[in-house]
Amino acid sequence: MQQHLMRRKRICEQHLQTLGGITSALGEKDSYTRAHGHRVALYAVRLARRLGLPAEDIRNIGIGGWFHDVGKLALSDHILTNREAHLSGELRQEVRCHPLIGAALLKHIDFLGPAVDFVLFHHERKDGSGYPFGLKDGEIPPGAKIVSIADCFDAVTTDRPYQKGQSIASAFKILRDGCRRCFCEAYVEVFIEEIEENGIIRNTGPASLLVDQLVRSAAGYPDM
Ligand SMILES: [Fe+2]
């Protein structure tokens, strides 16, 4: 392997291992969100790869997916342990701050680059109904659109404390129905193709495996 690739691989590994510590802290409060972050990272990377994006973009999208909900670290314990599907207005407002908090936590780490924006904008929706800024379609970075599709799919297909996971067919319907107001239609169709061909993620393995996969992607390895 060329020397610059080895150096780059080492630096990526060190940064990602450090950041993995942040999600471990979140996992202490909320184990669902930690595992959800791993799966969203892998789904987002699969979609980005299938869209033919460059390795650097794929890595940033994977990191954005991994840390998209890291701002939930700052939420009250009674929100994270909530068993109700619907939160009161006040609690909902608190939850809606998590992209801002997550981006504030990560923005000083140069290495993350545009991944911070993917954290900040992962709840923006193309008709302007999302949060925290109500951005419209053309204002939302493609990486954030990719993370939001991966986020929705994993949220629908997995068991959460307050709801059972739904079938893959239901998740596809939710994504397709969401194209009118929320999601990029072209990305949704490519994502569905990817899931139909390669299946859903059942187990992500330890965080170190995810770090390895993201580093491989950044370094241009073919096998991710
Ligand atoms: Fe979120």
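Below you will find a few notes about this structure. (Residues numbered from 1 in each chain as written. Predicted model: local features only at pLDDT ≥ 70, side-chain atom pairs only at ≥ 80, totals over all residues. Heavy atoms only, no water.)

## Quick word on the coordination of the iron ion
In an ideal octahedron of six donors the angles at the metal are 90 or 180 degrees, and in an ideal tetrahedron of four donors they are 109.5 degrees.
Then, in step 1: With distances of 2.1 to 2.2 Å, the protein atoms coordinating the iron ion are Asp69 (OD), His98 (NE2), His122 (NE2) and His123 (NE2).
Then, in step 2: Here the iron ion is ringed by four donor atoms whose angles at the metal span 85 to 177°, and the overall shape comes out irregular.
Then, in step 3: Considered as a linear motif, the donors of the iron ion on their single chain read D-x28-H-x23-H-H. Taken together, the residues span a long stretch of sequence, with histidine 98 in helix 6 (residues 98-106) and histidine 122 in the loop between helix 7 (115-120) and helix 8 (142-157) at a distance of 24 residues.
Then, in step 4: When its relative accessible area of 1% is taken as the criterion, histidine 98 is described as buried. (Donors = N, O, S within 2.8 Å, 3.2 Å for Na, K, Ca; no water. Tetrahedral: all angles 85-135°; square planar, octahedral: opposite > 155°, others 65-115°. Helix = DSSP H or I, 4+ residues; strand = E, 2+ residues; numbered from the N terminus. Buried < 20%, exposed > 50% of the residue type's maximum accessible area, 1.4 Å probe, protein only.)

## Some words on helix 9 (residues 168-177)
Then, in step 1: Residues of helix 9 that are buried: Ala171, Phe172 and Leu175. Projected down its long axis, helix 9 carries its buried residues within an arc of 100°, all on one side. Looking at helix 9, the residues exposed on the side facing more than 90 degrees away from the buried face are Ala169 and Lys173.
Then, in step 2: Where helix 9 is buried, its residues touch helix 8 and helix 10 (185-198). (Arc of directions from axis to C-beta. Contact = heavy atoms within 4.5 Å.)

## Some thoughts on the state of the cysteines
Then, in step 1: The full count for this structure, using the stated rule, is zero disulfides.
Then, in step 2: Summary of cysteine pairing: cysteine 182 is not part of a disulfide, and the nearest cysteine sulfur, belonging to cysteine 152, is at 7.9 Å.
Then, in step 3: Taking the relative accessible area as the measure of exposure, cysteine 182 reaches 19% and is therefore buried. (Disulfide = S-S within 2.5 Å.)

## Digging into the pattern of salt bridges
Then, in step 1: Overall, the coordinates contain twelve salt bridges when judged by the stated rule.
Then, in step 2: The partner of glutamate 194 in a salt bridge is arginine 46, and the shortest N-O contact between them spans 2.7 Å. Taken together, the residues glutamate 194 in helix 10 and arginine 46 in helix 2 (residues 31-50) connect sequence positions 148 residues apart. Grouping residues by exposure puts glutamate 194 and arginine 46 together as buried.
Then, in step 3: The residue lysine 164 makes a salt bridge to aspartate 159 at a minimum N-O spacing of 3.3 Å.
Then, in step 4: Judged by its relative accessible area of 46%, aspartate 159 falls in the partly exposed class. (Salt bridge = Lys/Arg side-chain N within 4 Å of Asp/Glu carboxyl O.)

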